[in-house]
Amino acid sequence: MHRFRFWRSLKLRLFIIIFITGLIPSLVIYQSILKGYEDRAVKVRTLDVQNQLNVLADHLITYNYLIDPSSDVVNAELNLLSNLYSGRVMVINNRLKIVRDTYGISDGRSMVSEEVVKCLKGSSINNYDRVNGYIELTVPITETISAVSATDEIAEGTVMYRGVLLASTSTDTITNTIEILRNRAQKILIIVIILLVAIALLLSRLLVRPFDRISKQIESVKSGTSDEPLTVRDYLETQHIVSSFNSLFAKMQKADESRRQFVSNVSHELKTPLTSVKILADSLNTDNEVPVEVYKEFMADITQEIEREDKIINDLLELVRLDKDASKLNISTVDINELSEIILKRMRPIARKNEIELTLVSLRDVVAEVDEVKISLVLTNLVENAIKYNSPGGTATVTVDADHQYFMIEVTDTGEGIPEEELDSIFERFYRVDKSHSNKIGGTGLGLAITRSAVMLHKGTIVVRSTLGEGSTFTVRIPIKAAV
Ligand code: ADP
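Residues numbered from 1 in each chain as written. Predicted model: local features only at pLDDT ≥ 70, side-chain atom pairs only at ≥ 80, totals over all residues. Heavy atoms only, no water.

1. Structural notes on the overall build of the protein
Step number 1: For the protein, the count of helices and strands is ten helices and twelve strands.
Step number 2: Along the three orthogonal principal directions, the C-alpha set of the protein runs to about 165 × 55 × 40 Å.
Step number 3: Classification of the 484 residues of the protein by burial places 36% in the buried group.
Step number 4: Taking as baseline every contact in the protein between residues at least 6 positions apart, the subset at least 24 positions apart corresponds to 65%. (Helix = DSSP H or I, 4+ residues; strand = E, 2+ residues; numbered from the N terminus. Buried < 20%, exposed > 50% of the residue type's maximum accessible area, 1.4 Å probe, protein only. Contact = heavy atoms within 4.5 Å.)

As structure tokens, then:
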């Protein structure tokens, strides 16, 4: 993986893509111009020679050259033609005998070649041999029978094939021009490649720059020199990265802030009972003649403050344990109606002391897969609050119900209620609606935070409805089957 690290660079990939996108069309243009020129030049040369040969073929018939090849006019024309196109011309009669060869080496010999035979039947050919650099072509020597020479067998106007002109012409001049063109095109191509490299380098660097800026900004957030949100909005993609990072960062800042707040709250909450204890102890110490009753009363107050401190510490430990054991629910099959009954039985003495009537309503038998200890904690906290924040003569009702997926535990009281604007906050750690009153009745502000953590661990929900002066209803919904 490390060996190919460089290949994972976006800059390199962009460079290659831009370079290749520019190079391919340049190469195609380069090749097609050269090939186009070659095709055109060969075609023009072939047509030229073909025209000349056609004129010559007419002269051969006019001067009866196939019978008597001594015509100076025709011989001069033949030589001119072969010089002009630096090629060779052979005049062959219809018995396949070479009447004249401008190279003078095959005069009088026979020429049995497929091209010649085909040409005598009317189909002329032309071949371009690129490797050896010549064009070979055949033109038939034809005579149209006139009225004078017409016989019974051959009617006037008949076209007779009297022989073939076989010519080959060198394409050296074409090849030379192509070479010159190729040289020039290669120079242009090299300039294009240099320009392409420069453009690809520049573009790839420019295109990747926003990502570099993101890294730089994240780096400065990481090193602590900045806690500003990132602002690279150049592309939709960078905007997505930036907004994801910003929301993650905001979440982390919020978590950090809430941790700071929690630590400060914990210190404050733990300090309050200690301060009271110190004041009480100090006043006992400084006064030498404290009556025994006062002494006892102060000591009782001190014990109460220590109990409060103990309760806060226990609640805190419970909360930390719930956070830590997030993945460790001790699931078992629990009869929720039975569990509610046991808890209510345990709470009855306190209810009685507060003159609250405690009732359980089981609308359905519920057996669910839950962590028994944690659900007990949920129920205990809710029922305890329903008793604590109630007035004498009031009621607290626990209703157990279920649908096919969830079971519900509803705890309703006829107590003081919770102001609407505080409803969202009561689940926060150490949050208390009326601090002094809550303190008086022994609240730590941690009960509902513990309750919510336990419910969330079960992938459940807890909601509260409340009317000031009339009472509150807390509804817990938890899946009957634990998620595996
Ligand atoms: P505490 O230990 O103070 O009871 P909780 O987290 O259980 O802490 O509750 C937070 C605050 O929500 C309480 O201080 C109280 O003001 C309010 N509250 C909770 N339950 C009720 C209720 N049933 N009726 C009225 N107020 C309630």
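That covers the picture; the talk isn't over yet.
2. A word on the environment of proline 419
Step number 1: Turning to its location among the elements, proline 419 is positioned in the loop between strand 10 (406-413) and helix 9 (435-440).
Step number 2: Leave out the neighbours within four places in its chain, and proline 419 touches Val433 and Leu468.

3. Concerning the site of the ligand
Step number 1: The ligand sits among 19 residues. The nearest are Asn385, Tyr389, Asp413, Thr444 and Leu448.
Step number 2: Between an oxygen atom of the ligand and a side-chain N or O atom of asparagine 385, the distance comes to 2.8 Å.
Step number 3: The separation between an oxygen atom of the ligand and a polar main-chain atom of glycine 447 is 3.3 Å.
Step number 4: Relative to its unbound accessible surface of 530 Å², the ligand loses 97% to contact with the protein. (Near = heavy atom within 4 Å. Polar contact = N/O pair within 3.5 Å; in protein donor to acceptor, adjacent residues only side chain to side chain. Areas by Shrake-Rupley, 256 points an atom, 1.4 Å probe, with all protein chains shown as cover.)

4. Comments concerning the packing of aromatic side chains
Step number 1: In the structure shown here, the tally under the stated rule is five aromatic pairs.
Step number 2: Geometrically, the ring pair formed by phenylalanine 15 and phenylalanine 19 is stacked, given 6.2 Å between the ring centres and 5° between the ring planes. In this pair, phenylalanine 15 and phenylalanine 19 both sit in helix 1 (residues 10-62), four residues apart, roughly one turn of the helix.
Step number 3: In this structure phenylalanine 19 comes out as buried when scored by relative accessible area, which is 18%.
Step number 4: When the ring centre of tryptophan 7 is taken as reference, the NZ or CZ atom of arginine 13 above it lies at 4.9 Å.
Step number 5: Above the ring of phenylalanine 262, the side-chain terminus of arginine 429 is found at 4.1 Å from the ring centroid. (Phe/Tyr/Trp six-rings, centres within 6.5 Å; stacked < 30°, edge-to-face > 60°. Lys NZ or Arg CZ within 6 Å of the ring centre and 35° of its normal.)

5. A closer look at the pattern of salt bridges
If the charged atoms of two oppositely charged side chains come close together, the side chains can form a pair.
Step number 1: All told, the structure shown has 21 salt bridges when counted by the stated rule.
Step number 2: With its nearest N and O atoms 3.9 Å apart, the salt bridge here joins glutamate 369 to lysine 481. Highlighted residues: glutamate 369 in strand 8 (residues 367-371) and lysine 481 in the segment after strand 12 (471-479), separated in sequence by 112 residues.
Step number 3: Relative accessible area serves as the criterion here: at 28%, glutamate 369 is assigned to the partly exposed category.
Step number 4: Of the charged contacts in the structure, one is a salt bridge between aspartate 403 and arginine 477, with a shortest N-O distance of 3.8 Å. With a gap of 74 residues between them, aspartate 403 in the loop between strand 9 (395-402) and strand 10 and arginine 477 in strand 12 connect regions that are remote in the sequence.
Step number 5: The exposure class of aspartate 403 is partly exposed, given its relative accessible area of 31%.
Step number 6: Arginine 477 sits in the partly exposed class, given a relative accessible area of 30%.
Step number 7: Taken together, the salt bridges that share partners define one network made up of Asp256, Glu257, Arg259 and Arg260. (Salt bridge = Lys/Arg side-chain N within 4 Å of Asp/Glu carboxyl O.)

6. Observations regarding the sheet that holds strand 9
Step number 1: Pairing is mixed across the open sheet formed by five strands, whose spatial order is 7-9-10-12-11. Here the strands that pair on one side only, and so sit at the sheet edges, are strand 7 (357-362) and strand 11 (461-467). Mean inter-strand twist for the sheet, computed between neighbouring axes without regard to direction, equals 15°.
Step number 2: Bridge analysis of strand 11 against strand 12 gives seven bridges, and the strand direction is antiparallel. Each residue of the ladder has a partner; that of isoleucine 462, found in strand 12, is valine 476. (Pairing = 2+ DSSP bridges. Axes fitted to C-alpha atoms, helices over the stretch in contact; angles between N-to-C directions.)

7. Focus on unusual backbone geometry
Step number 1: In the Ramachandran plot, asparagine 64 falls in the positive-phi region, its phi being about 50° despite a non-glycine side chain.
Step number 2: Along the polypeptide, asparagine 64 turns up in the loop between helix 1 and helix 2 (72-84).
Step number 3: One non-glycine residue, serine 86, lies in positive phi territory at about 35°.
Step number 4: Tracing the backbone through its elements, the reader meets serine 86 in the loop between helix 2 and strand 1 (87-93).

8. Some details on the domain arrangement of the protein
Step number 1: Here the protein is described as being made up of domain 1 (2-176), domain 2 (237-322) and domain 3 (326-479).
Step number 2: Each of domain 2 and domain 3 has a C-alpha centre, and the two are 23 Å apart.
Step number 3: Across the domain 2/domain 3 interface, buried area totals approximately 1,400 Å², and carbon plus sulfur atoms make up 65% of it.
Step number 4: When residues of domain 2 are sorted by the area they lose upon contact with domain 3, Arg308, Leu319 and Leu322 head the list and together hold 44% of the total.
Step number 5: Applying the counting rule to domain 2 against domain 3 returns one salt bridge.
Step number 6: A salt bridge links glutamate 269 to arginine 432, with the shortest nitrogen-to-oxygen separation between them at 2.5 Å. (Domains from an automatic or database assignment. Buried area = accessible area lost by both parts, 1.4 Å probe.)

9. Quick word on the sheet that holds strand 3 (residues 126-129)
Step number 1: What the five strands build is an open sheet, ordered 2-1-5-4-3; its pairing is antiparallel. Both edges of this open sheet fall to strand 2 (98-101) and strand 3, since each of them pairs with a single strand only. Between one strand axis and the next, the sheet turns through 15° on average, direction left out of account.
Step number 2: The pairing of strand 1 with strand 5 (residues 159-170) spans seven bridges and is classified as antiparallel. Its bridge partner being in strand 5, asparagine 93 is matched across the sheet by glycine 163.
Step number 3: Each of strand 1 and strand 2 is contacted by helix 2, which is oriented at about 140° to strand 1, the strand it contacts most.

10. Quick look at the packing of helix 7 (residues 336-353) against helix 8 (residues 372-388)
When two helices pack together, their arrangement is given by the angle between their axes and by how far apart the axes lie.
Step number 1: Direction vectors running N to C along helix 7 and helix 8 enclose 35°, while the axes themselves pass 10 Å from each other. Crossing angle aside, the handedness with which helix 7 passes helix 8 is right-handed. Packed against helix 7, whose contacting residues are Leu339, Ser340, Ile343, Leu344, Met347, Ile350 and Ala351, the element helix 8 presents Glu372, Ile375, Ser376, Leu379, Thr380, Val383, Glu384 and Ile387 at the interface.
Step number 2: Of the residues contributing to the contact of helix 7 with helix 8, the split by class is ten nonpolar, three polar and two charged. (Left-handed = near helix turned anticlockwise from the far one by under 90°. Nonpolar A, V, L, I, M, F, W, Y, C, P; charged D, E, K, R; others polar.)

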